[in-house]
Amino acid sequence: MAEDNNTPQAGAAAADEKPQLKFSLQRIYVKDISFEAPNSPTVFKQSFKPKVNLDLNTTSSKIADDQYEVVVKVTAQVNDSETGTTSFLAEVEQAGLFRIAGIEGAQLDQTLGAFCPNLLFPYARECVDNLVNRGGFPPLMLAPVNFEAMYAQRKQREAQAQQAAENTH
């Protein structure tokens, strides 16, 4: 048998070895879900002219040494554009449990704030569509979201707030 010269000998560890990068999605689940149609059934008697107000938020928390929970919260409030009455309010918290090791600092922050939400959003979008449809309304087909851009904007706002705080002292 030929030896593999690329693998280190058993027990031999290089002093400058970096920890091995590990990333895996352990579980995807709905953490919270809510649907309200406060004006039904009268809302179905009029023509549906929706005005959509969409709110999107992400959070993350460390569960264990190498496990993190990331939550994408989607809130959609749809009002009639003519009368202003609420047609429905749908809220979904789509969560994922991720195993992440060997990533630290700003790279970990970006992974939790942009990469993981990008993986979860299609599930949240499907859940919102299904929920709204079960409420008797046409599916609310949410457009794809650029979480990288949202993350960059949030970091820029945080830097501006920090700079403003430093200037006041």
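Residues numbered from 1 in each chain as written. Predicted model: local features only at pLDDT ≥ 70, side-chain atom pairs only at ≥ 80, totals over all residues. Heavy atoms only, no water.

K.L.:
In this structure, what is going on with the overall build of the chain? I would like to understand it.
P.N.:
Within the chain, the regular secondary structure consists of two helices and four strands. When burial is assessed residue by residue, the chain has 28% of its 169 residues classed as buried. Contacts in the chain between residues at least 24 apart in sequence constitute 70% of all its contacts with a sequence separation of at least 6. (Helix = DSSP H or I, 4+ residues; strand = E, 2+ residues; numbered from the N terminus. Buried < 20%, exposed > 50% of the residue type's maximum accessible area, 1.4 Å probe, protein only. Contact = heavy atoms within 4.5 Å.)

K.L.:
Is there a simple way to explain the pattern of salt bridges in this structure?
P.N.:
Side chains that differ in sign of charge can pair as their charged atoms come close. Across all of its chains, the model carries six salt bridges by this definition. Residue Asp66 is joined to Arg99 by a salt bridge in which the shortest nitrogen-to-oxygen separation is 2.7 Å. Taken together, the residues span a long stretch of sequence, with Asp66 in the loop between strand 2 (50–64) and strand 3 (67–80) and Arg99 in strand 4 (residues 86–101) at a distance of 33 residues. Here Glu158 makes a salt bridge to Lys155, at a shortest N to O gap of 3.2 Å. Within this pair, Glu158 and its partner Lys155 are both found in helix 2 (residues 147–168), separated by three residues, close to a single helical turn. (Salt bridge = Lys/Arg side-chain N within 4 Å of Asp/Glu carboxyl O.)

K.L.:
When you look at a nonpolar patch on the surface in this model, what are you seeing that I'm missing?
P.N.:
On the surface, Phe23, Phe115 and Leu119 cluster together to form a nonpolar patch covering roughly 250 Å² of accessible area. One can find Phe115 in helix 1 (residues 105–134). (Patch = residues over 30% accessible without salt bridge, like charges linked within 9 Å, V, L, I, M, F, W, Y side chains within 5 Å. Areas by Shrake-Rupley, 256 points an atom, 1.4 Å probe, with all protein chains shown as cover.)

K.L.:
Mind showing me how you'd approach the environment of Val132 here?
P.N.:
Structurally, Val132 can be placed in helix 1. The spatial distance from the C-alpha of Val132 to the C-alpha of Phe88 is 8.1 Å, given a sequence separation of 44 residues.

K.L.:
Please clarify how the packing of aromatic side chains should be interpreted in this entry.
P.N.:
Aromatic ring pairs are reported here in terms of the distance separating the ring centres and the angle at which the planes meet. The full count for this structure, using the stated rule, is seven aromatic pairs. Here the aromatic rings of Phe35 and Phe137 are separated by 6.4 Å at their centres, their planes lie at 55 degrees, and the arrangement is tilted. Of the two residues, Phe35 is situated in strand 1 (residues 22–36) and Phe137 in the loop between helix 1 and helix 2; the sequence distance between them amounts to 102 residues. A relative accessible area of 25% means that Phe35 is categorised as partly exposed. (Phe/Tyr/Trp six-rings, centres within 6.5 Å; stacked < 30°, edge-to-face > 60°.)

K.L.:
How do you make sense of helix 2 when you look at a structure like this?
P.N.:
In an α-helix, one turn spans 3.6 residues; hence positions three or four apart end up facing the same way. The first and last C-alpha atoms of helix 2 sit 32 Å apart over 22 residues, in line with the 32 Å expected at 1.5 Å per residue. Its side-chain oxygen 3.1 Å from the backbone nitrogen of Glu148, Asn146 forms the N-cap of helix 2. (Expected span 1.5 Å × (residues − 1). Polar contact = N/O pair within 3.5 Å; in protein donor to acceptor, adjacent residues only side chain to side chain.)

K.L.:
I tried to follow the sheet that holds strand 2 on my own but got confused; where do I start?
P.N.:
In a beta sheet, neighbouring strands are held together by backbone hydrogen bonds and run either parallel or antiparallel to one another. In spatial order, the strands read 1-4-3-2; together these four strands make up an open sheet with antiparallel pairing. In this open sheet, the two edge strands, each paired with only one partner strand, are strand 1 and strand 2. Here the average twist between neighbouring strands, direction ignored, is 15 degrees. Across 13 bridges, strand 3 lies against strand 4 in antiparallel orientation. Bridge pairing in strand 4 links Thr75 to Glu91. Against the sheet, helix 1 contacts strand 1, strand 2, strand 3 and strand 4, and its axis sits at roughly 140 degrees relative to strand 4. (Pairing = 2+ DSSP bridges. Axes fitted to C-alpha atoms, helices over the stretch in contact; angles between N-to-C directions.)

K.L.:
Help me out: how do you make sense of helix 1 in this one?
P.N.:
The first and last C-alpha atoms of helix 1 sit 42 Å apart over 30 residues, in line with the 44 Å expected at 1.5 Å per residue. Along its length, helix 1 reaches its greatest deviation from straightness, about 40 degrees, at Asn118, and the proline Pro122 lies no more than four positions downstream. Remark: Gly136 follows helix 1 within two positions and exhibits a positive phi of approximately 95 degrees. (Bend = angle between axes of the 7 residues up to and from the residue.)

K.L.:
Whenever I open this one, the pairing of strand 4 confuses me. Can you help?
P.N.:
Consecutive side chains along a regular strand alternate between the two faces of the sheet. Burial runs high along strand 4: 13 of the 16 residues are buried. With 13 bridges joining them, strand 1 and strand 4 adopt antiparallel strand pairing. Bridge assignment links Ser24 to a residue of strand 4, and that residue is Arg99. What sits between the antiparallel neighbours strand 3 and strand 4 is a turn of five residues, in which Gly84 has the positive phi angle 80 degrees.

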